[in-house]
Amino acid sequence: MSVLPELRYPTVTELVSAARALTAHRPGVCTLRQVGASRAGRPLHLLSVGRARRAVLVVAGAHANEPTGSCTLLALARRVLAQRELRDGMSWHFLLCADPDGASLHVTPAPRSLFDYHLGFFRPAGPEQPEWAPSVLPPDRLPPETRALTGVIDELRPYLQVTLHGTDLGGSWVQLTKDVPGLAEPFAKSAAELHIPVETGASDAAGWPASGPGVHVMPAPGIGPAYPSLPDDVRHSTWFHAHRYGGLTAVVEVPMWASDLVDDPAPHPAPAAAIGRLARRLQRDALEVTRVLDGALPRLADLDGPLLRAAKWGLELVPGLASDLVHTPPADRTMAYVGSVDAFVRRVPLRAAAMLLRVLRGTDEGAAKQLEELVATWSDAFAERFRARWVPLEHQVEHQSRTVVAAALHAREGAS
């Protein structure tokens, strides 16, 4: 049976080849089929292991810049094949890559630094992200990747959907659309054993209740978002599509680089003032990128590719986000939360600069040089401020895999 030559971030082609090898090795247990196609015509593949009606759906590649999930998906498929008890009364289904077009644009061979990572960075604008598109677009404008994903959910009716996400720098955390009692303990144990910090105040889950450190549960309807200006609403994303069949979604995040600054539950002495300073830095940094973009626009008049759209979309979020940070009381008053917000507001202009740099290379070398200096400076400052340390890829994969298996087993108990 052919396998990937080493533990690294595979391409979509390699993912499909590995899945085909698994089905050839265990044809009575595994099937591989196409369940849709991307906007550019790239196929979306679903690998199924087992035939039981009670289903777990695992989704990788929803965000192109979060490549660990592809490795985890293959590791999980092999684990399920090797451990018969994981197929006892349940089937597993793996959407190999939810956004193959995005995966073709984000380049992550083996980044040695955050600067390397950002030189090949791509993350689509919100309306072009398969999971988030339903929260910002009407049903008749949803991209085909979203329709394929919701179609799979409609077919399988999974009691649990797990979507594999990651962060460039920070810690690990889980977001649940419904609580999974018992998950917090194995999640924390795995993180501790693998020396991965738990992001206890994740800005992505700001204001959400926690069933344990780093395990955040979607709040009840009617509770307003921590950042009102952001256009997306998790309740309208594909994460909630499983609810119509009585299921739930778990989002499992792991870091490429770890920082203990996001794992400090101590009270911050002045969180509002600190976040106000972060908001001002966000505005200042975004303005630097916007100035370069405005100067280059005459040479970009005929361009409207996904990199440029994504860079513009990120910059357009800044005024509202900065206002939210200044005028909304902090959703959490811990050192961990302020650290997570710090990381969040660094990413927005840095990612816009990185994608715009890729657009301008060969088109406006002067502007590209300015942006490369910004990307290098901001990447280094990010890593230094957070004392970044690389998490071995096998640890990223093992922690994410353990958490998925624990979620599947505990959610099955709750659904029985």
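Cut-off values and rules
Residues numbered from 1 in each chain as written. Predicted model: local features only at pLDDT ≥ 70, side-chain atom pairs only at ≥ 80, totals over all residues. Heavy atoms only, no water. Helix = DSSP H or I, 4+ residues; strand = E, 2+ residues; numbered from the N terminus. Salt bridge = Lys/Arg side-chain N within 4 Å of Asp/Glu carboxyl O. Buried < 20%, exposed > 50% of the residue type's maximum accessible area, 1.4 Å probe, protein only. Phe/Tyr/Trp six-rings, centres within 6.5 Å; stacked < 30°, edge-to-face > 60°. Lys NZ or Arg CZ within 6 Å of the ring centre and 35° of its normal. Contact = heavy atoms within 4.5 Å. Expected span 1.5 Å × (residues − 1). Domains from an automatic or database assignment. Buried area = accessible area lost by both parts, 1.4 Å probe. Polar contact = N/O pair within 3.5 Å; in protein donor to acceptor, adjacent residues only side chain to side chain. Nonpolar A, V, L, I, M, F, W, Y, C, P; charged D, E, K, R; others polar.

Comments concerning unusual backbone geometry
And then number 1: A positive phi is found at His195, a non-glycine position, where the angle reads about 60 degrees.
And then number 2: Relative to the helices and strands, His195 is located in the loop between helix 7 (184–193) and strand 7 (210–212).

Quick notes on the pattern of salt bridges
And then number 1: Summed over the entire model, instances satisfying the criterion amount to 19 salt bridges.
And then number 2: Between Arg79 and Glu398 there is a salt bridge whose closest N-O contact spans 2.7 Å. Of this pair, Arg79 sits in helix 2 (residues 68–82) while Glu398 sits in helix 12 (residues 393–415), and the two are 319 residues apart along the sequence.
And then number 3: Relative accessible area serves as the criterion here: at 24%, Glu398 is assigned to the partly exposed category.
And then number 4: The residue Glu398 makes a salt bridge to Arg402 at a minimum N-O spacing of 2.9 Å. Taken as a pair, Glu398 and Arg402 lie in helix 12 at a separation of 4 residues, close to a single helical turn.
And then number 5: By relative accessible area, which is 27% here, Arg402 ends up partly exposed.
And then number 6: Here the residues in one salt-bridge network are Arg79, Glu193, Glu398 and Arg402, joined through shared partners.

As for the packing of aromatic side chains
And then number 1: Evaluation of the coordinates by the stated rule reveals 7 aromatic pairs.
And then number 2: Between Tyr117 and Trp257 the ring centres are 6.4 Å apart and the planes differ by 75 degrees, which places this aromatic pair in the edge-to-face class. A residue pair is termed long-range when its members are at least 10 positions apart, and Tyr117 in helix 4 (residues 114–119) and Trp257 in strand 9 (residues 248–258) qualify at 140 residues. Across this residue pair, the class does not change: Tyr117 and Trp257 are buried.
And then number 3: Aromatic rings pair up to connect Tyr117, Phe121, Trp257 and Trp390 into one cluster.
And then number 4: The ring of Tyr159 has Arg54 sitting right over it, with the charged end atom 6.0 Å from the ring centre.
And then number 5: Directly above the ring of Phe386 sits Arg385, whose terminal nitrogen or CZ lies 5.7 Å from the centroid.

Concerning the environment of Gly102
And then number 1: Structurally, Gly102 is set in helix 3 (residues 100–105).
And then number 2: By relative accessible area, Gly102 is classed as buried at 2%.
And then number 3: Not counting chain neighbours up to four residues away, the residues in contact with Gly102 comprise Ala64 and Phe122.

Brief notes about helix 10 (residues 335–360)
And then number 1: With 26 residues, helix 10 should reach 38 Å at 1.5 Å per residue; the first-to-last C-alpha distance of 38 Å fits that figure.
And then number 2: Here helix 10 lies mainly inside the structure; 24 of its 26 residues are buried.
And then number 3: Positive phi appears at Gly362, one or two residues downstream of helix 10, with a value of about 85 degrees.

Remarks on the domain arrangement of the protein
And then number 1: Domain boundaries in the protein define domain 1 (12–262 + 390–414) and domain 2 (271–387).
And then number 2: Each of domain 1 and domain 2 has a C-alpha centre, and these two points are 25 Å apart.
And then number 3: In this complex, domain 1 contributes 37 residues to the contact, which on the side of domain 2 involves 37 residues.
And then number 4: Note on domain 1 versus domain 2: buried area summed over both sides is about 3,100 Å², and carbon and sulfur give 63% of it.
And then number 5: The interface formed by domain 1 and domain 2 contains 3 salt bridges.
And then number 6: Viewed at the interface, domain 2 and domain 1 are joined by 16 residue pairs in polar contact (both at pLDDT 80 or more).
And then number 7: Of all the secondary-structure elements, those providing two or more residues to the side of domain 1 that touches domain 2 are helix 4 and strand 5 (160–170).
And then number 8: In terms of residues, the side of domain 1 that touches domain 2 owes the most to one element, helix 4, which gives 4 residues.
And then number 9: Grouping the constituent residues of the side of domain 1 that touches domain 2 by class yields 21 nonpolar, 12 polar and 4 charged.

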